[in-house]
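# Coordinates in review
These are the residues of each chain, in order.
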Amino acid sequence: MPAAPRFTALALLFALVMMATRFKHVGDMLHLPDASMAVFFLGGVYLRRHGAFVAMLMLAVALDLVSITYAGVSDFCVTAAYAFLPLAYGVLWYAGRGYAPKLTGQPRSLAGAFGVALLAAVVSFAISNGSFYWLGGRYPDPNVAQYLARLWQWGPLFVRTTMSYIAVALVVHAACARLAAHSHAPRHQEA
C-alpha cells in the first residue's frame, strides 16, 4: 500500500483523469476518450482500498449527473442497467487489486498486468453493454444476434481505449521502477 502522501496524490490524479475525460465518451481533437475503465483498473492496482473504490464510483456517478443536468449530455444510457456499473467497474478494480502484488518493473510482470487488464476490460464491457442491451429498454425485441453485432461494434473501441491508457500507465510504472532501482543501486567510488 502506498504511503499516505503517495496514496493521496494517486487518488487525486486518478480523479482528475476521470473528470477530464468522462464528459466526452468518444473523444475528438479537444476531448480525450473516457478513461474511467482504465482508472478503475489502475485504482485497484495502486490504491487497492475498498473505500477508494466506493469514492471513485461515487465520483463517476456524480460526473454523470453533472454532465446530464448541466452540460447537456444525453441521458440515453441512464436506464435500469446503470445499476450494473458498480459490478462492471468492480471487475476492473478487483482484477487490478488482485494482480497488484505481482506487479514489478519486469517485462513479464508488466505483460501479465496487461493481460489481466485486457481480460478485465472485456468482462467489464460485456457486463455494462450486456446489461444496457438486455435491461435498458432501448431496443425493441432484443435478440442474441443483434446483441453480438452491437457488442462487436462497440467493444473493440472501449477496450482499445482502456488498454491504451493502461499501456501508458504500465510504461510509466516500468520507468519509475527502473529509476527507483537505479537510485538504490550501490555506487562505486573511483580511487
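It should be noted that the structure appears before, not after, this text.
Below: a short report on this structure. All residue numbers here refer to positions counted from 1 along the written sequence of the relevant chain. Only residues with pLDDT of at least 70 are given local features in this predicted model, and only at 80 or more are side-chain atom pairs given and counted; all residues enter the totals for whole chains, interfaces and linings. Working from all heavy atoms in the structure, the side-chain values ignore hydrogens and water.

## Some details on unusual backbone geometry
Its identity as a non-glycine residue notwithstanding, Arg-48 has a phi of 65°, on the positive side. Going along the chain from the N terminus, every DSSP run of H or I of four or more residues is numbered as a helix, and every run of E of two or more is numbered as a strand. Along the chain, Arg-48 turns up in the loop between helix H2 (36–46) and helix H3 (50–69). Here the term buried applies to any residue with accessible area under 20% of the maximum for its type, exposed to any over 50%, and partly exposed to those in between, with areas from a 1.4 Å probe on protein chains only. You can call Arg-48 partly exposed: its relative accessible area is 24%. Its identity is not glycine, yet Asp-141 carries a phi of approximately 50°, on the positive side. Relative to the assigned elements, Asp-141 resides in the loop between helix H5 (107–135) and helix H6 (144–184).

## A short note on a nonpolar patch on the surface
Residues Phe-84, Leu-87, Trp-134, Leu-135, Val-144 and Leu-148 make up a contiguous nonpolar surface patch of about 560 Å² in total accessible area. Those elements giving two or more residues to the nonpolar patch turn out to be H5 and H6. Along the chain, the position of Trp-134 falls in helix H5. For patches, a residue must show more than 30% relative accessible area and have no salt bridge; joins then use 9 Å for like charges and 5 Å for nonpolar side chains, namely Val, Leu, Ile, Met, Phe, Trp and Tyr. Surface exposure here means Shrake-Rupley accessible area, sampled with a 1.4 Å probe, where a residue is shielded only by the protein chains that are shown. Every case where a carboxyl oxygen of Asp or Glu lies within 4 Å of a side-chain nitrogen of Lys or Arg is listed as a salt bridge.

## Considering the packing of aromatic side chains
Two aromatic rings, drawn from Phe, Tyr or Trp (for Trp, its six-membered ring), form a pair once their centres lie within 6.5 Å of each other, and the interplanar angle then sorts them: stacked below 30 degrees, edge-to-face above 60, tilted otherwise. Under the defined criterion, the tally for this structure stands at 10 aromatic pairs. Here Phe-40 and Tyr-89 contribute two aromatic rings whose centre-to-centre distance is 4.1 Å and whose plane-to-plane angle is 5°, an arrangement assigned as stacked. With Phe-40 in helix H2 and Tyr-89 in helix H4 (residues 85–99), this residue pair connects regions lying 49 residues apart in the sequence. The residues Phe-40 and Tyr-89 share a single accessibility class, namely buried. Centroid distance Tyr-133 to Tyr-147: 5.4 Å. Interplanar angle 40°. Geometry classified as tilted. Of the two residues, Tyr-133 is situated in helix H5 and Tyr-147 in helix H6; the sequence distance between them amounts to 14 residues. An aromatic cluster is defined as three or more aromatic residues linked by ring pairs; in this entry it consists of Phe-40, Phe-53, Tyr-89, Trp-93 and Tyr-94. Two conditions define a charge sitting above a ring: the NZ of Lys or the CZ of Arg must be within 6 Å of the ring centre, and it must be within 35 degrees of the ring normal. In this arrangement the basic side chain of Arg-49 is found over the ring face of Phe-7, its NZ or CZ atom lying 3.9 Å from the centre.

That is the geometry; function is a separate question.
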